[in-house]
Amino acid sequence: MRRRIVLDTNCLLQSISRKGRYYRVWCAFLDGEYDLCVTTEILEEYEEIIGRYSSSHALLFMFRDIRYAIRDGDLQDTRRAV
């Protein structure tokens, strides 16, 4: 069973850059090492905060990856996650 985590928006923001402190967390997510647990509100916050601080290309790639995770069932609603 894979681990489940809720990723703080600030950590997500720092994980975008390869030089970022939490880049390895983003890579682990992409490698399927854990399920990212979110709510609609968390996704909206991700979009709002990341949109302020990152280039549009980085944002597009990040949300593409999150969208794939939703499609593949790797995201879980935190209201249901235990």
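Parameters at a glance
Residues numbered from 1 in each chain as written. Predicted model: local features only at pLDDT ≥ 70, side-chain atom pairs only at ≥ 80, totals over all residues. Heavy atoms only, no water. Helix = DSSP H or I, 4+ residues; strand = E, 2+ residues; numbered from the N terminus. Buried < 20%, exposed > 50% of the residue type's maximum accessible area, 1.4 Å probe, protein only. Areas by Shrake-Rupley, 256 points an atom, 1.4 Å probe, with all protein chains shown as cover. Core = buried A, V, L, I, M, F, W, Y, C linked by side-chain atoms within 4.5 Å. Phe/Tyr/Trp six-rings, centres within 6.5 Å; stacked < 30°, edge-to-face > 60°.

### Points about the overall build of the chain
- Tallying secondary structure elements over the chain gives four helices and three strands in all.
- In the chain, the succession of α and β elements from N to C terminus is β-α-α-β-α-α-β.
- Of all 82 residues assigned to the chain, the portion counted as buried reaches 37%.
- Looking at the chain as shown, the accessible area adds up to about 5,600 Å², and 50% of this sits on carbon and sulfur atoms.

### Some words on the nonpolar core
- Membership of the largest hydrophobic core comes to 16 residues, with the highest contact counts inside it found for Leu-7, Leu-12, Trp-26, Phe-29, Leu-36, Tyr-46 and Met-62.
- Of all the secondary structure elements, the ones that give two or more residues to this core are α1 (9-15), α2 (23-30), β2 (34-38), α3 (40-53) and α4 (56-72).
- A per-element tally of this core places α2 first, with four residues.

### Points about the environment of Leu-43
- Tracing the sequence through the fold places Leu-43 in helix α3.
- A C-alpha to C-alpha distance of 9.2 Å links Leu-43 and Thr-9, two positions 34 residues apart in sequence.

### Regarding the environment of Arg-2
- For Arg-2, the location among the structural elements is in the segment before β1 (3-5).
- The exposure class assigned to Arg-2 is partly exposed, which follows from its relative accessible area of 33%.

### Some words on the packing of aromatic side chains
- Summed over the entire model, instances satisfying the criterion amount to two aromatic pairs.
- On the basis of an interplanar angle of 45° and a centroid distance of 5.2 Å, the ring pair of Trp-26 and Phe-29 is categorised as tilted. Highlighted residues: Trp-26 and Phe-29, both in helix α2, separated by three residues, approximately one helical turn. The two residues Trp-26 and Phe-29 agree in class, both being buried.
- For the pair Phe-29 and Tyr-34, a centre-to-centre distance of 5.9 Å together with 35° between the ring planes defines the contact as tilted.
- Given a relative accessible area of 4%, Tyr-34 falls into the buried group.
- Joined through ring pairs, the aromatic side chains of Trp-26, Phe-29 and Tyr-34 make up one cluster.

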